[in-house]
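The lines below spell out each chain.
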Amino acid sequence: MFDLTEKVALVTGARRGMGKSHAIALARQGAKVAVTDISQEECQAVVDEIKSAGGEAVAFKMDVSNKAEVGAVFDEVIKQFGRLDILVNNAGIYTDKPALEMSEEDWDKTININLKGEFLCAQRAAKEMAKNNWGRIINIASIASGGVGVGYAGGAHYTASKGGIIGMTETLAVEWAPLGINVNAIGPGAIDTPMISASQVPEEEMKEMLASIPLKRIGRPEEVSAAVVFLASEEASYITGATLYIDGGRLSQ
Ligand SMILES: NC(=O)c1ccc[n+]([C@@H]2O[C@H](COP(=O)([O-])OP(=O)(O)OC[C@H]3O[C@@H](n4cnc5c(N)ncnc54)[C@H](O)[C@@H]3O)[C@@H](O)[C@H]2O)c1
């Protein structure tokens, strides 16, 4: 099960954190992986790690909010590997900003990277996947995405972008079902990555947050990658338009 040999995957935001973990996990299942992010050098380090474990991968600098760059990198990946089967739309930013202090630039930057970026990559990927009548698009959202009762003070732009991702996922799943492309979202809870460390949550607040999780701990990137591998596989053939929350039980509280 979950054999991805012969599949080609592209992961965005894959120089570190969860994206890196997803790239490594997909390669371990046999996929050839395009590791993309804003730093070519750091993507290359991930590629080296994949290759030293016997996998196949290539590194690309790709800013997901730049349509021309997205187009050029997808073209190159398809040229090098001959196809594209799996897209993991993982790139995202979080900057803490109270809504009353949020500038139009703050809002636009987050929406452009987190939401528009996922659309641009999904659209370009689907054009290729449709040729083989097979594709898997996995959009990374968050538990902080609306409809499940999780608001984050300081994250109006972020939560709006993540809610948008879930709405977009459901629509793309409907539009692209006839093309053989399954589109799903993953909503992680708190996962131990540089994004969490950079947000410098005060120790007391972190303790409180962990106490609100039934499993009483922060998640590991690999625990999200396991779901990415599953949704990317043939075994997930009847799942589309779904959002899978991976949150240690947080939403069940
Ligand atoms: N860590 C968490 O607790 C958590 C929870 C829910 C959702 N998420 C989501 O998971 C995803 C991965 O985040 P992470 O926690 O690994 O954080 P991270 O900051 O380590 O990873 C995000 C990656 O996105 C990249 N990125 C930023 N702007 C980009 C751009 N314009 N183009 C391409 N890449 C860009 C960054 O360089 C970085 O490598 C994000 O979408 C994030 O919103 C994280």
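Our structure is the block above this text.
A.B. asks: Outline unusual backbone geometry, listing residues and values.
C.D. replies: Located in the positive-phi region is Glu6, a residue other than glycine, with phi close to 80°. Here Glu6 lies in the segment before β1 (8-11). The phi angle at Asn133 is positive, at roughly 50°, despite the residue not being glycine. In this structure Asn133 comes out as exposed when scored by C-beta crowding, with 10 C-beta atoms within 10 Å.

A.B. asks: Tell me about the packing of helix α1 (residues 17-28) against helix α8 (residues 221-232), residues and numbers included.
C.D. replies: Running from N to C, α1 and α8 point in directions that differ by 50°, and their axes come no closer than 9 Å. For the element pair α1 / α8, the angle class is oblique. Where α1 crosses over α8, the two elements pack in a sense that is right-handed. Here Gly17, Met18, Ser21, His22, Ala25 and Leu26 of α1 come into contact with α8, specifically with Pro221, Glu222, Val224, Ser225, Val228, Val229 and Ala232. Across the contact of α1 with α8, the residue classes tally to eight nonpolar, four polar and one charged.

A.B. asks: With reference to specific residues and values, describe the packing of helix α4 (residues 104-132) against helix α5 (residues 156-176).
C.D. replies: Relative to each other, α4 and α5 sit at 15°, their axes nearing to 9 Å. Taken together, α4 and α5 sit at an angle that is classed as roughly parallel. Along this stretch, α4 crosses α5, giving a crossing that reads as right-handed. Along the contact surface, α4 presents Asp106, Trp107, Thr110, Ile111, Asn114, Leu115, Glu118, Phe119, Ala122 and Ala126, while α5 presents His157, Tyr158, Ala160, Ser161, Lys162, Gly164, Ile165, Met168, Leu172 and Trp176.

A.B. asks: If you had to explain the site of the ligand to someone new, which residues and values would you point to?
C.D. replies: As a structural note, the neighbourhood of the ligand is formed by 27 residues, with Gly13, Gly17, Gly92, Thr193 and Met195 the closest of them. Among the secondary structure elements, those contributing two or more residues to the shell around the ligand are α1 and α6 (194-198). Tallied by class, residues from the shell around the ligand come to 14 nonpolar, nine polar and four charged.

A.B. asks: Which residues make up helix α3 (residues 67-81), and what values go with them?
C.D. replies: In a regular helix each residue adds 1.5 Å, so 15 residues correspond to 21 Å; α3 covers 21 Å between its end C-alpha atoms and thus fits that length. When α3 is considered as a whole, its buried residues turn out to be Val70, Val73, Phe74 and Val77. Along the axis of α3, the buried residues cluster in a sector spanning 100°; they form a single face. Facing away from the buried side of α3, by more than 90 degrees, are the exposed residues Ala68, Asp75 and Lys79. Looking at the buried residues of α3, the elements they touch are β1, β2 (32-37), β3 (56-61) and α4. Following α3 by one or two positions, Gly82 adopts a phi angle in the positive range, close to 85°.

A.B. asks: Please provide a residue-by-residue account of the pairing of β1, values included.
C.D. replies: Residues of β1 alternate between two faces, with Val8 and Leu10 on one and Ala9 and Val11 on the opposite face, all of them buried. Examined bridge by bridge, β1 and β2 share four bridges and lie parallel to one another. Counted as the bridge partner of Leu10 is Ala34 from β2. With α1 bridging β1 and its parallel neighbour β2, the resulting β-α-β unit is right-handed. One ladder, built from three bridges, connects β1 with strand β4 (residues 86-89); its direction is parallel. Bridge pairing in β4 places Val11 opposite Val88.

A.B. asks: Residues and numbers for helix α2 (residues 40-52), please.
C.D. replies: In this model, α2 (13 residues) spans 18 Å end to end at C-alpha, consistent with the 18 Å of a helix rising 1.5 Å per residue. Three or more residues of α2 are buried, namely Cys43, Val46, Val47 and Ile50. End-on view of α2: buried residues confined to an arc of 100°, all on one side of the axis. The outward face of α2, more than 90 degrees from its buried face, is lined by the exposed residues Glu41, Asp48 and Ser52. For α2, the secondary structure elements touched by its buried residues are α1, β2 and β3.

Quick notes on the rules
- Residues numbered from 1 in each chain as written.
- Predicted model: local features only at pLDDT ≥ 70, side-chain atom pairs only at ≥ 80, totals over all residues.
- Helix = DSSP H or I, 4+ residues; strand = E, 2+ residues; numbered from the N terminus.
- Buried ≥ 20, exposed ≤ 12 C-beta atoms within 10 Å, placed from the backbone.
- Axes fitted to C-alpha atoms, helices over the stretch in contact; angles between N-to-C directions.
- Parallel < 35°, antiparallel > 145°, perpendicular 65-115°, else oblique.
- Left-handed = near helix turned anticlockwise from the far one by under 90°.
- Contact = placed C-beta atoms within 7 Å.
- Nonpolar A, V, L, I, M, F, W, Y, C, P; charged D, E, K, R; others polar.
- Near = placed C-beta within 6 Å.
- Expected span 1.5 Å × (residues − 1).
- Arc of directions from axis to C-beta.
- Pairing = 2+ DSSP bridges.
- Right-handed = clockwise from strand over helix to strand, strands pointing away.

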